[in-house]
Amino acid sequence: MTLADLTRGQWGLVQGLSAQGTLRQRLLDLGLVPGTPVQALFAAKGGSPTAYYVRGSVFALRGDTASQVLVEPKEEAL
Amino acid sequence: MKAACLVALAGNPNTGKSTIFNALTGLKQHTGNWPGKTVELKAGSFRHQGCTCQIVDLPGTYSLTAASPEEEAARDFLQLAQPDVVVVVADATCLQRSLHLALQVLHLTSQAVLCLNLMDEARRQRLGLDVSRLEEELGVPVIPTAAARGEGLDALKDAIVQVAQGQLKPAPKLLPPDTEPTASALYRRAEQIAERVAGAPARPGTGFTAGLDRLVLSPRWGIPLMLALLAGVLWLTIVGAGYPSQLLTEAFWHGERLLSALLAALGAPPWLHDPLVLGLYRGLTWVVAVMLPPMAIFFPLFTLLEDFGFLPRIAFNLDRLFQRSGAHGKQALTMAMGFGCNAAGVVAARIIDAPRERLVAILTNNLVPCNGRFPILIIMGTIAASAAAPGLSGSLASVLVVLAALVLSVLATLAASRLLTGTLLKGEPSYFILELPPYRWPKVGTVLVRSFLDRTLAVLWRAVIVAAPCGLLTWILANVSVSQTPLLAHLARWLDPLGRALGLDGMILLAFILGLPANEIVIPILLMGYLSANALLEVQDLSALKAILTANGWSWLTALNFMVFALFHWPCATTLLTIKREAGARWVLPAALLPTAVGVLLCFLLAIIVKL
């Protein structure tokens, strides 16, 4: 499952990235490293972009980027 | 003891780094090129305890891995310029992310000070930060500040000078020697430190920012809300600018009579008086009277929204449309800059890393009206609206017309981007990550001063130095006759067939051509052209202007197409030069042809439809 599959308000734990190159580096720099808790906060119509809570900040990602972040969904808040 | 030192300011975006920079340097600022990349860095200086510190504001970055031009610039500066002290500005409410960058900086240099900013915000969130523990964990001085209130700045200056002089020797604690400083390792360490020095951070999705975002970012209410806000800003600008504009016009008119009397008393002949007063003075004062009041209202309002944190939300809401056009998400931001000044919008396209999408942003920027064209839209909108719907209240109708023009310009931007990414500039869109920082109440006083100095005066000054010689040139063209007809009229007659086909006339096209240096002077040129054929009139207010236009055969279609053409025609000379510098000479012509083609096509279609 990826970040793009989280429903609004749902939490997940980052497991890894399928992104390569500078996008991979960029996502890591933002703190999307394995074990990081994330929450989907706000979504535009159609789900792209969606705003995610990551380590104290909120970042919006387009669907094609969010789907390159692998997460383990959680039922409870992290 | 050193008498001078070089200080670098590093930090994540939205940590209040520029507030710190402004507070430390005051107005002693300039931009300059530094070793490494061509990114311009802001620099300034301050004196403290007998030491002159030159301070360079590095671009706000999340990291130093050189994955973007800003990061490369920041990293190059730290490595090549070898600053005596690096101040890392950290967000006390978002410690992990700030510490990640701080740890990277500490791997490059030990001459560092951590400035723990936004302490007021942290207190409000009851984070209970243990500053001495943080100092212990990092091994460098930590200075808590709340730059917006001026708290902790003296202590920060003390620490900078002490580290620069060697009185304080930071001994940073790095990752264990056998650990690679990867993002994972750095974040793990940052997390560990943050847990030891701070209480639990606020829950996401709670508080003022999350509450407001539920409305602002809502799929249903987001865009209507933005439009309503834009309408409000326009309404304030139009209504607020009317009276001061009128006062300025009257004052300049009195000034003109004084100037005339003075020249007459000095015995100046008409060939000197007329070009100076009727050409140069009138061109100049028109631009000031018409442009200054709306700019003095619009720019501060825009800056307030910007500082409040509204621009990234606009980008978020519009991104769905930009995705469909194959454009980069940040193009929404460069477009927003274009509303201020297209040349600034073209420069702002540097924030887009991917060359193809950067080019799309540059080529389409002129499709949104800059501040030089707003007065044209407002004036023509008022005239067209009062003619088409006399019942509506004047300012409301002009707000609606201008709003419609703005929506049209955004649609044209999207359509042109779609066209470019589908034909000339094919390719896959690159990734787009947008931070939505917490809303922060702007400091109204600072915004008023800075937006007046940086934006209003700068744009006005440019308009003035262009308007004066253009006013003079136009007066000469309008008054030097060849075979009993002024040169201007000759040119206008030659352009007339094309102008008529577009629902305009030759003089209008000529005004846009002569207005190439700056859009602000299109209307004064037009008036001089019309009036050169008739007796010279005083243009005291809009009704006099309307009378002149009607006398020259204007219908509401002319006013409408004038607005359309003002929206979509070639960029001004400054913007063209900027495009040449930013994208290369071969993109200047396409950048001029694209908006012109849109304008010609729309005007032509409107003219045909109306004449049917």
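Predicted model, so just to flag it, every value in this text is computed and none were measured. (Residues numbered from 1 in each chain as written. Chains lettered and ligands numbered in written order. Predicted model: local features only at pLDDT ≥ 70, side-chain atom pairs only at ≥ 80, totals over all residues. Heavy atoms only, no water.)

1. Some words on the overall build of chain B
Test applied: Numbered from the N terminus, helices here are DSSP runs of H or I no shorter than four residues, and strands are runs of E no shorter than two. In this treatment the radius of gyration is a C-alpha quantity, and the globule benchmark scales as 2.2 Å times the residue count to the 0.38 power. Burial classes follow relative accessibility: with a 1.4 Å probe on protein chains only, a residue under 20% of its type's maximum area counts as buried, one over 50% as exposed, and anything between as partly exposed. What makes two residues a contact is simply this: any of their non-hydrogen atoms within 4.5 Å. We get accessible surface area from the Shrake-Rupley algorithm with a probe of 1.4 Å; when it comes to residues, only the shown protein chains can shield them. In this tally, Asp and Glu contribute negative charge and Lys and Arg positive charge; neither His nor the terminal groups of the chain are included. Where a charge lies is defined by one atom per residue type, namely NZ (Lys), CZ (Arg), CG (Asp) and CD (Glu).
Looking only at helices and strands, one finds 24 helices and ten strands in chain B. Over its C-alpha atoms chain B spans a radius of gyration of 28 Å, differing by no more than 12% from the 25 Å that the globule rule assigns to 612 residues. On the principal axes, the C-alpha backbone points of chain B span a range of 90 × 60 × 45 Å. Classification of the 612 residues of chain B by burial places 53% in the buried group. Here the analysis covers contacts within chain B between residues at least 6 apart in sequence; of these, 75% occur between residues at least 24 apart. Taken as a whole, chain B presents about 26,000 Å² of accessible surface, with 65% of it coming from carbon and sulfur. Each charge class in chain B was averaged separately, 46 positive and 39 negative side chains, and the resulting centres sit 3 Å apart.

2. Observations regarding the overall build of chain A
If you tally the helices and strands in chain A, you get two helices and five strands. Start at the N end of chain A and walk to the C end: the helices and strands fall as β-α-β-β-β-α-β. Its C-alpha radius of gyration of 11 Å places chain A within 12% of the 12 Å reference for a compact globule of 78 residues. Taken along its principal axes, the extent of the C-alpha atoms in chain A is 30 × 25 × 25 Å. Counting across all 78 residues of chain A, residues that qualify as buried make up 58%. Within chain A, residue pairs in contact and separated by at least 24 positions form 61% of the contacts whose partners lie at least 6 positions apart.

3. Observations concerning the pattern of salt bridges
Residues and elements named next belong to chain B. The line we're drawing: A pairing counts as a salt bridge when a side-chain nitrogen of Lys or Arg comes within 4 Å of a carboxyl oxygen of Asp or Glu.
Following the criterion strictly, the structure yields 19 salt bridges over all chains and no others. Here E121 and R124 are joined by a salt bridge, their closest N and O atoms 2.7 Å apart. Of this pair, E121 and R124 both sit in helix α4 (residues 119-124), three residues apart, which is roughly one turn of the helix. Between E582 and R350 there is a salt bridge, with its nearest N and O atoms 2.9 Å apart. Within this pair, whereas E582 is found in helix α23 (residues 573-583), its partner R350 is found in the loop between α13 (342-348) and α14 (355-364), the two being separated by 232 residues in sequence. Its relative accessible area of 36% is what places R350 among the partly exposed residues. Salt bridges linked by common partners bring D120, R123, R149 and E151 together as one network.

4. A closer look at the confidence of the model for chain B
For clarity, the cut-off: Residue-level confidence of the predictor is summarised by pLDDT, bounded by 0 at the bottom and 100 at the top.
Averaged over all residues, the pLDDT of chain B equals 87, while 94% of them reach at least 70. Long-range and interchain partners of residues 33-38 of chain B, a stretch whose pLDDT sits below 50, account for 15 contacts in this model, where long-range means more than four residues apart.

5. Description of helix α1 (residues 17-25) of chain B
What sets the pattern is the α-helix's 3.6 residues per turn: residues three or four places apart point alike. Residues and elements named next belong to chain B. Our working rule: Each C-beta atom gives one direction from the helix axis, and the arc is the one those directions make.
Buried within α1 we find K17, I20, F21, L24 and T25. End-on view of α1: buried residues confined to an arc of 110°, all on one side of the axis. Two residues or fewer after α1 comes G26, characterised by a positive phi angle close to 65°.

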